[in-house]
Amino acid sequence: MRHNKVLGLAIASALALGANSSFSGELTIKHVSRPDTSSCNPIKTGEAVLASEIFYSGDPVVFSTFTCGSTTPGADNLDNSGVNGPALGTYDDGYFYAEYKFNNDTFDTVAFLADFTLTNGAKFGEDISLASGSDLDFVAHPSGSHSGVVKNSGGAMGDSLVTFYITPAAGAGNNFRTGTDTLLLRFSMKNLGVLASPDTEIKMTAKVYGDLGGGRQFDLEAPSATVAKSARATKVELDAASGTVQIDVAQANKAFAGSGTAFLSTTKVKLGSLAISSSGSVLNVDGTPWNFKTHATGATGTLTITDAPLSASSEPGKIFIDLNNNQVYDNATDLLGTIKADKTSAEWVLTTTQLGAIYDAGKAYIILEVDGANAIEEQSEAAKALLTVNYGGGKEDPFSRDLIHIKRNGVVCSIYNVPAPDAMDSGNIRITNTSGKDGTIGGTLRDKNGEPIFTNRMLVETIAPNQTVYITTDPNITNGLQLDGIEKDETWTTAHGTASWQGRAVLTINSDVSSLEIYGMVRNKAGGPLTNMSVGATGNGCD
């Protein structure tokens, strides 16, 4: 558009009538520069990216000015015409710079107001000054003069809003030209507590508004721009191991089978991997790259693995973080996890040194080793890993991920309501091999309280294709496998001797064949029909 008063007034009138959708301004945060203290050169421009860990201490955090000798960077003239203040193109003093550009020739001789507002509780770290010389923190630049600028309200240290009243510059008019004229605010900040959480940000909003006279108000759309944001300075990668790992039912559930990098041997597998690094995008307040090992001094951590099949992982089995990537536990370097009493979870309480060792390893693998003598119990869900890094001061950062899910490689089916041998009903369980190949059948029996009577015992050494085997709880029946005759676990005999269970029990059947048909039925010992109790049985072999 041509720069003249007539057209400027016409546009202003259009604004007053509401036709202002095409008139607006654009706000940018020009630079946030943290100077290199040795050379006074800015080493980072753009929006601030702040490590959340650095700011856990909260209030106040002030981006202070920086001087090199007797020179104060940023005190250059605005347009080389003798006006001191924040300069276009020089942003190396540690301050934030907000620049508002007018997109259209919207004003001529009209005075207007401009609000600059910080969000998320951030406050100005120092007074916004309009004094002459190097302390000038705001300029309106249509003509090279700041004499028409008044700080109308706010702008004191601790405020989040400052309002300027801008009048036409003497002898030059106040027409703001597209791509040429700006409002420029230099400021510092404090109250950055919101940055204590990752992925949060502080914005500044600029609003230009005023009165054209005769009750005609104008209010331009208020743009906003990010001033500072937080990010996770620590990068943690938890990954599931690739490949397939299974509990081998052909080996009485005491060994692993599988393929891929997750399967190491019949007694050893990779659950997943752990890597700690620096994000690379996060800077310290002084502008230097944030480094986990250098700057997270005093950080500790806790790694927890849950829903893992650890029942057969007590000595000589174990679960450990392999720092050497040699797949063999070394008590001088590797980190041994503590297996909890539930046999499904493990924990590592990690020191600063141990976190640093994981950092140095690049990628450390979480390895599960079983003893080869005890049964490995399948879990219903994939193993889960949670690493919590504690930086002190109540600041914690959690990272979580599912690891591999280790399942049996055969079928499993749980039959409920299996009567005790002295009950009025007798239990009758029929198992047919429908897979087309020979296989074995194992089982675990638990009483009504969940206490194991026997665990992963061999019930049938060989079941041929289409063969049916018969299991009974009636001691008077001699043509079937007596369930009460199976050798009981040591824990059961210690507490109960050779006594039978009381009430109803649960029989979990597993096999290395791909398909079984299983029926659980009861019949009153005095006579009567068979009642099918298979309804409600669960497992991939309950056909």
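Described in the following lines is the structure provided in the data block. All values derive from a computational prediction rather than experimental measurement. (Residues numbered from 1 in each chain as written. Predicted model: local features only at pLDDT ≥ 70, side-chain atom pairs only at ≥ 80, totals over all residues. Heavy atoms only, no water.)

**Comments concerning the overall build of the protein**
- A tally of helices and strands in the protein yields four helices and 36 strands.
- Out of the 543 residues belonging to the protein, those deemed buried represent 46%.
- Element-wise, carbon and sulfur atoms account for 47% of the exposed surface of the protein, whose accessible area totals about 23,200 Å². (Helix = DSSP H or I, 4+ residues; strand = E, 2+ residues; numbered from the N terminus. Buried < 20%, exposed > 50% of the residue type's maximum accessible area, 1.4 Å probe, protein only. Areas by Shrake-Rupley, 256 points an atom, 1.4 Å probe, with all protein chains shown as cover.)

**Notes on the pairing of strand β26 (residues 395-402)**
- Looking at chain direction, strand β25 (residues 384-392) and β26 are connected through eight bridges and run antiparallel. What sits directly across from Ala 385, in β26, is Arg 401.
- Between the end of β25 and the start of β26, which pair antiparallel, lie two residues, with Gly 393 showing a positive phi angle near 65°. (Pairing = 2+ DSSP bridges.)

**Brief notes about the pattern of salt bridges**
- All told, the structure shown has 13 salt bridges when counted by the stated rule.
- A salt bridge links Arg 446 to Glu 377, with the shortest nitrogen-to-oxygen separation between them at 3.6 Å. Separated by 69 residues along the polypeptide, Arg 446 in strand β30 (residues 439-446) and Glu 377 in the loop between β24 (364-369) and β25 bring together distant segments of the chain.
- On the accessibility criterion, Glu 377 (30% relative accessible area) is partly exposed.
- Taken together, the shared-partner salt bridges connect Asp 307, Glu 381 and Lys 384 into one network. (Salt bridge = Lys/Arg side-chain N within 4 Å of Asp/Glu carboxyl O.)

**Describing the sheet that holds strand β32 (residues 468-472)**
- What the five strands build is an open sheet, ordered β33-β32-β29-β35-β36; its pairing is mixed. Of all the strands in the sheet, the pair left with one neighbour each is β33 (481-482) and β36 (531-532).

**Some thoughts on the sheet that holds strand β27 (residues 407-408)**
- The three strands lie next to each other as β16-β15-β27, forming an open sheet whose pairing is mixed. If you trace the sheet from one side to the other, it starts and ends with β16 (256-259) and β27, each paired once.
- Here strand β15 (residues 244-247) pairs with β27 via two bridges, running parallel. Residue pairing in the sheet places Gln 246 in a bridge with Lys 407 of β27.

**Description of the nonpolar core**
- Membership of the largest hydrophobic core comes to 44 residues, with the highest contact counts inside it found for Leu 271, Leu 303, Ile 321, Trp 348, Leu 387 and Ile 406.
- By size, the runner-up hydrophobic cluster in this structure holds 36 residues, among which are Leu 118, Leu 192, Val 208 and Leu 212. (Core = buried A, V, L, I, M, F, W, Y, C linked by side-chain atoms within 4.5 Å.)

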